[in-house]
Amino acid sequence: MRLSRTLSFAAVFAALIAVWWGAGRAGWTNAYLLPSPAAVIAALADLGRSGVLGHHVAVSLGRVLAGFALSVALALPLAVVMTASRTARAVIDPPLELLRQIPPLALIPLLMLWLGIGEAQKLGIIVLASFFPVFLGVRSGIERVDNRLLEVGKVMRLDRAEMLTRIVLPSALPSLVVGLRISLGYSWRALVGAELVASSAGLGYMIVDAENLARTDIVLAGILVIGAIGLLSDLLLKLAVQRCAPWLGDQLETAHA
Amino acid sequence: MLEFSDVSRRYDVAGGAVVALDNVSAAFPPGSLTTVVGRSGCGKTTLLRLAAGLTEPSGGNVQRTAERIGVVFQDARLMPWLDVAANVAFGLRGRLPPAEIDARVAAMLALVGLERFHAAYPAQLSGGMAQRVAIARALVIEPDLMLLDEPFAALDAFTRRVLQGELIALWQRRRPTVLLVTHDVEEAVLMGETIIEMEAGRLVGRHAIALPFPRDPTDPAVVGHRRAVLDRLIAGPRFPVAASGVKS
């Protein structure tokens, strides 16, 4: 089952590359606007050999991981507090709902003014983009906890803290995992946005720099690398969850962003 | 000790009040084994939920002095993120040393015939197996009050008979107060020291079954009790028995 899924996944990509390659060979596409797969692979190889690609990937990956971790660290406790306290909901919900409607990229100018153009600004954008899926995931998971399981805890005389850690949070785990996967995807999207604007390193910067130099092959190479790392990180997250929470099973599949 | 004094429970359903339990008084002395039998919707489960403290009475009060309460619900209610052994140990964790928990869980899994499935997750179990885990989870805490709501309904006839026997043996050994709700009249007669009959939220009959355990369903005395209970339940509404008549 898993093998056939991997094979069909690979076949789809092979077919897409074949169409891309064929369109170039047939002269249907402009080689400047859409360089051939061979040109993009050559650009990737050059970037890889010179260490430029590794440097940009490392910078971007570091930012995504830091921003993602910060989002989770903020979203988890806040979601718990807000489901437990009516006052916290009343005070925090309205501004959060307002903020949720604003695309993080629209806040870039403000973040540049507040946080400068360094790492803090980029982390800020990633956090704004990836916070809500985790936050909303945990909240909905907690709110939908099965009352019948809470009754089991009640007859076992669990206290409030035990109810939270032994029933409520494990119950919310499937929703949390869905939130984490969506959030990781959003982190990557926001990162490139942040790096496009004001940056001297990272995959977003590499793409903008190549565009300025009219190197469409490097632009495409950068885009593909972002896509590949995004897929890979999603896969790693999925494997980690499967290992830590084997009971989740197919519920992970509902987590596509 | 478990005692109901003039307990009523009303629910609001679609704007109207439904009386699930109507002015019920009953005492269940320590170490007693009582089965409660009646039609669906007669208030049996509400009685049990009040005894467990899961529902508050609308009127009257419920007194219970039990230290440890073991409840088996109609559905297994296992934690999907815990394996079978951890589900059985759920009520013991943090309250006993790990080695003792392991020993008790192993013994309980052997009792319900699930030793080989200790590492399985609830999603991998059949309904009957899950219910056996739920029974083990309730028994492993060595409760002094056991509340069972149709605990064997999801089991096959063979497993049901084995677990009914085990529950009786356990009760004879440790003498917890047991309240078992069932709509199966044969089960009520096989397992009850006392049978309470319920109709429309009221206790309408209380009968001691003075037969030794274990009881045989084909024993003419058991068959006779079963027929008598069935006849009374089929005959329809009766006046509730006086509170003093219900007390043991």
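Further up the page is the structure itself.
In this text, all values refer to a predicted model and were calculated from it rather than measured experimentally.

### Focus on the overall build of chain A
Helix and strand counts for chain A stand at ten helices and zero strands. Secondary structure elements in chain A, listed N-terminal to C-terminal, are α-α-α-α-α-α-α-α-α-α. Overall size of chain A, expressed as C-alpha extent along the three principal axes, is 70 × 50 × 30 Å. Across the 257 residues that make up chain A, the buried fraction comes to 42%. Look at the contacts in chain A between residues 6 or more apart in sequence, and 73% of them connect residues 24 or more apart. Just so you have it, chain A exposes about 13,800 Å², and 70% of that area is on carbon and sulfur atoms. On chain A, the mean spot of the 21 positive side-chain charges and the mean spot of the 16 negative ones are 5 Å from each other.

### Here's the deal with the overall build of chain B
Helix and strand counts for chain B stand at eight helices and nine strands. Here the C-alpha atoms of chain B give a radius of gyration of 18 Å, agreeing with the 18 Å that 2.2 N^0.38 yields for 248 residues. Across the 248 residues in chain B, those meeting the buried criterion constitute 51%. When the accessible area of chain B is evaluated, it comes to approximately 10,800 Å², of which 54% is carbon and sulfur surface. If the 27 positive side-chain charges of chain B are averaged to one point and the 26 negative ones to another, these points end up 1 Å apart.

### Quick word on the interface of chain B and chain A
Contacts between chain B and chain A engage 21 residues on the former and 16 residues on the latter. The tally of links between chain B and chain A comes to four salt bridges. Residue E162 of chain A pairs with R95 of chain B through a salt bridge whose shortest N-O separation is 3.2 Å. There are eight residue pairs in polar contact (both at pLDDT 80 or more) connecting chain B and chain A. Counting only elements with at least two residues in the side of chain B that touches chain A, the list comes to α1 (44–52) and β5 (69–72) of chain B. In terms of residue class, the side of chain B that touches chain A is made up of twelve nonpolar, two polar and seven charged.

### Observations regarding the nonpolar core
Residues and elements named next belong to chain B. Core analysis: the biggest nonpolar cluster contains 50 residues, and V88, L125, F152 and L167 have the highest contact counts within it. Once residues within four sequence positions are removed from consideration, L125 is found in contact with L78, V84, F117, A120, A130 and V133. If you look at the next biggest cluster of nonpolar residues, it comprises 44 residues, including V7, V24, M79 and L179.

### Here's the deal with the sheet that holds strand β1 (residues 2–13) of chain B
All names here are of chain B. The three strands lie next to each other as β2-β1-β4, forming an open sheet whose pairing is antiparallel. Across the chains shown, the open sheet's two edge strands, defined by having one partner strand only, are β2 (16–28) and β4 (59–64). Within this sheet the neighbouring strands show an average axis-to-axis angle of 30°, counted without direction. Alignment of β1 against β4, held across five bridges, turns out to be antiparallel. Of the residues in β4, the one forming a bridge with S5 is N61. Packing against the sheet, α1 makes contact with β1, β2 and β4, and its axis sits at approximately 120° to β1.

### Points about the packing of aromatic side chains
Enumeration over the complete set of coordinates arrives at five aromatic pairs over all chains. Centre to centre, the rings of F9 of chain A and F13 of chain A are 5.2 Å apart; their planes meet at 70°, and the pair counts as edge-to-face. Residue F9 of chain A and its partner F13 of chain A are located together in helix α1 (residues 2–25), separated by four residues, close to a single helical turn. On the numbers, 5.7 Å between centres and 80° between planes, the contact of W171 of chain B with F213 of chain B is edge-to-face. With W171 of chain B in helix α5 (residues 157–174) and F213 of chain B in the loop between β9 (202–208) and α7 (220–235), the pair connects residues that are 42 residues apart, well separated along the chain. Site record: aromatic cluster; members linked through ring pairs are F131, F132 and F135 of chain A. Lying across the ring of W171 of chain B, R175 of chain B places its NZ or CZ 4.0 Å from the centre.

### What to know about the sheet that holds strand β6 (residues 145–149) of chain B
All names here are of chain B. Taken in spatial order, the six strands make up an open sheet running β5-β6-β7-β3-β8-β9, and their pairing is mixed. A strand with exactly one partner marks an edge of an open sheet, and here the two such strands are β5 and β9. Strand-to-strand twist of the sheet, defined as the mean angle between neighbouring strand axes without regard to direction, takes the value 15°. Pairing geometry for strand β3 (residues 33–38) and strand β8 (residues 194–199), over five bridges, is parallel. Note that in β8 the partner of V37 across the bridge is E197.

### Details of a nonpolar patch on the surface
Residues and elements named next belong to chain A. A surface patch of nonpolar side chains, about 490 Å² in accessible area, is lined by F9, V12, F13, L16 and L231. The greatest single-element share of the nonpolar patch, amounting to four residues, is contributed by α1. Mapping V12 onto the fold places it in helix α1.

### Observations regarding the side chain of T34 of chain B
All names here are of chain B. Along the chain, the position of T34 falls in strand β3. The exposure class assigned to T34 is buried, which follows from its relative accessible area of 4%. Residue contacts for T34: discarding those within four places in its chain leaves F28, V178, L179, L180, T194 and I196.

The rules behind these values
- Residues numbered from 1 in each chain as written.
- Chains lettered and ligands numbered in written order.
- Predicted model: local features only at pLDDT ≥ 70, side-chain atom pairs only at ≥ 80, totals over all residues.
- Heavy atoms only, no water.
- Helix = DSSP H or I, 4+ residues; strand = E, 2+ residues; numbered from the N terminus.
- Buried < 20%, exposed > 50% of the residue type's maximum accessible area, 1.4 Å probe, protein only.
- Contact = heavy atoms within 4.5 Å.
- Areas by Shrake-Rupley, 256 points an atom, 1.4 Å probe, with all protein chains shown as cover.
- Lys, Arg positive; Asp, Glu negative; His and termini not counted.
- Charge placed at Lys NZ, Arg CZ, Asp CG, Glu CD.
- Rg over C-alpha atoms; globule rule 2.2 N^0.38 Å.
- Salt bridge = Lys/Arg side-chain N within 4 Å of Asp/Glu carboxyl O.
- Polar contact = N/O pair within 3.5 Å; in protein donor to acceptor, adjacent residues only side chain to side chain.
- Nonpolar A, V, L, I, M, F, W, Y, C, P; charged D, E, K, R; others polar.
- Core = buried A, V, L, I, M, F, W, Y, C linked by side-chain atoms within 4.5 Å.
- Pairing = 2+ DSSP bridges.
- Axes fitted to C-alpha atoms, helices over the stretch in contact; angles between N-to-C directions.
- Phe/Tyr/Trp six-rings, centres within 6.5 Å; stacked < 30°, edge-to-face > 60°.
- Lys NZ or Arg CZ within 6 Å of the ring centre and 35° of its normal.
- Patch = residues over 30% accessible without salt bridge, like charges linked within 9 Å, V, L, I, M, F, W, Y side chains within 5 Å.

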